Amino acid sequence: MVHNITLIPGDGIGPEVSQATRRVLDASGARFKWDVVYAGAEAEEEFGALLPEATLASIRKNRVAIKGPVTTPVGSGFRSINVALRKKLDLYACLRPCKIYPGAPTRFTDVDIVVVRENTEDLYAGIEFEESKPETARLRQLVSEATESEVREDSGVSLKVISETASRRIVNFAFEYARAHGRKKVTAAHKANIIKFSDGLFLATAREVAQEYPDIEFEDRIVDNLCMQLVKRPQQFDVLVLPNLYGDLISDLCAGLVGGLGLAPGANLGDDMAIFEATHGSAPKYKGLNKVNPMSMMLSGVMMLRHLDETGAADRLEGAIAAVIAEGKDVTYDMKPDGANAVGTSQVADAIIKKMGGAK
Ligand code: NAD
């Protein structure tokens, strides 16, 4: 069967890691018809829109996409295209497995954690009030009338919104994932001790949902304590479920536990659509240098193959990536202790294709 897949190359290092990933996927034994479409600053230059309608239409039609990272300017400019894509397509669950492949550069062993991050609300909802704007003055007025608090006049405000609906949906997703993949425990992270009505609601909902899954252990952790325990004894964790912002931070922390951002794949999943993408960003300083590690996006490709029920191809590609990591020869600078004798992005793809028996 030929799979119609939307491919968004992204910008910065995106096109290089996308090209390497496309090559290994084509050599995996599965068959693809790629629909290459664009998003971000380059799409705006070429098509006059950051997120062209044609890009959304392609994903809606194919239901499965794989995407390179897209740059988001800090502070000013447009809001994140990544966040917009997730919200517009209601890709409410972000799934980020962090497991150690033998030979990966890490001080730990036996880490195999799956981070499940809520993808649609929290501080990422984009509900913000800029300093000195009339609507911000109205909000300040409302706050002073409705509570005993004052918001300083020179404040910017970003709303942290957490609903019971979205919390229930993401915690259910985490438990269903745990059950389907033979996982034993789900840990919910929060700061409910301080942030009572948003994180508190997330925690209360998680506890309620946990009752429906008596076969799976449930526990919760305050997120600062979770950070400390993750770096001290990560092996105690199995599936983590978190609101959006904590999920973002903890994903990078867990990527660090298993060898870095070069080895951290991910998927954004909705009820009937999926976009696979690495945890890392567009690393603009490495753009065009054929230097960075394509394995995060390739491992996201492995997740895509499993999603497509291409189990044989997924096992073949994951096995080849694992073998290249274990040999430690044809790997990029981030996988070499002193950076010496590293190969480039495209040479990693060559080595993986060779392990799979050559290009198909
Ligand atoms: P980043 O992940 O792009 O890079 C941080 C550092 O991690 C890099 O300087 C590099 O040292 C290392 N790194 C990242 N990817 C690597 C790889 N494949 N191989 C080896 N090393 C790698 O984070 P950033 O610099 O904070 O963000 C850059 C841009 O990417 C920002 O505009 C940000 O908004 C965007 N971003 C996009 C996505 C996405 O498209 N999903 C995700 C995160 C960040």
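Conventions we followed
Residues numbered from 1 in each chain as written. Predicted model: local features only at pLDDT ≥ 70, side-chain atom pairs only at ≥ 80, totals over all residues. Heavy atoms only, no water. Near = heavy atom within 4 Å. Polar contact = N/O pair within 3.5 Å; in protein donor to acceptor, adjacent residues only side chain to side chain. Areas by Shrake-Rupley, 256 points an atom, 1.4 Å probe, with all protein chains shown as cover. Salt bridge = Lys/Arg side-chain N within 4 Å of Asp/Glu carboxyl O. Buried < 20%, exposed > 50% of the residue type's maximum accessible area, 1.4 Å probe, protein only. Helix = DSSP H or I, 4+ residues; strand = E, 2+ residues; numbered from the N terminus. Domains from an automatic or database assignment. Contact = heavy atoms within 4.5 Å. Buried area = accessible area lost by both parts, 1.4 Å probe. Nonpolar A, V, L, I, M, F, W, Y, C, P; charged D, E, K, R; others polar.

Q: Would you mind showing me how to read the site of the ligand here?
A: Val70, Thr72, Gly281, Ala283 and Asn293 are the nearest of the 21 residues found near the ligand. Contact distances for the ligand include 3.2 Å between an oxygen atom and a side-chain N or O atom of Lys67. One nitrogen or oxygen atom from the main chain of Ala283 is found 2.7 Å from an oxygen atom belonging to the ligand. Here the ligand loses 71% of its free accessible area of 810 Å² to cover by the protein chains.

Q: When you look at the pattern of salt bridges in this model, what are you seeing that I'm missing?
A: Side chains that differ in sign of charge can pair as their charged atoms come close. Under the definition given, this model contains 24 salt bridges. A salt bridge links Arg60 to Glu53, with the shortest nitrogen-to-oxygen separation between them at 3.8 Å. When its relative accessible area of 35% is taken as the criterion, Arg60 is described as partly exposed. With a shortest N-O distance of 3.0 Å, Asp90 and Arg169 are connected by a salt bridge. In this pair, Asp90 sits in the loop between helix H4 (81-88) and strand E4 (93-99) while Arg169 sits in helix H6 (residues 164-180), placing the two residues 79 residues apart along the sequence.

Q: Would you mind showing me how to read the domain arrangement of the chain here?
A: When the parts come together, some accessible area is lost, and that loss is often what is quoted as the size of the interface. Here the domain parsing of the chain yields domain 1 (1-92 + 264-360), domain 2 (107-117 + 161-257) and domain 3 (123-159). One C-alpha centre belongs to domain 1, the other to domain 2, and the line joining them spans 26 Å. Taken together, the contact pairs six residues of domain 1 with seven residues of domain 2. With both chains or domains summed, domain 1 and domain 2 bury close to 550 Å², and 59% of this area falls on carbon and sulfur atoms. There are one salt bridge connecting domain 1 and domain 2. There are one residue pair in polar contact (both at pLDDT 80 or more) connecting domain 1 and domain 2. Broken down by class, the residue content of the side of domain 1 that touches domain 2 amounts to three nonpolar, one polar and two charged.

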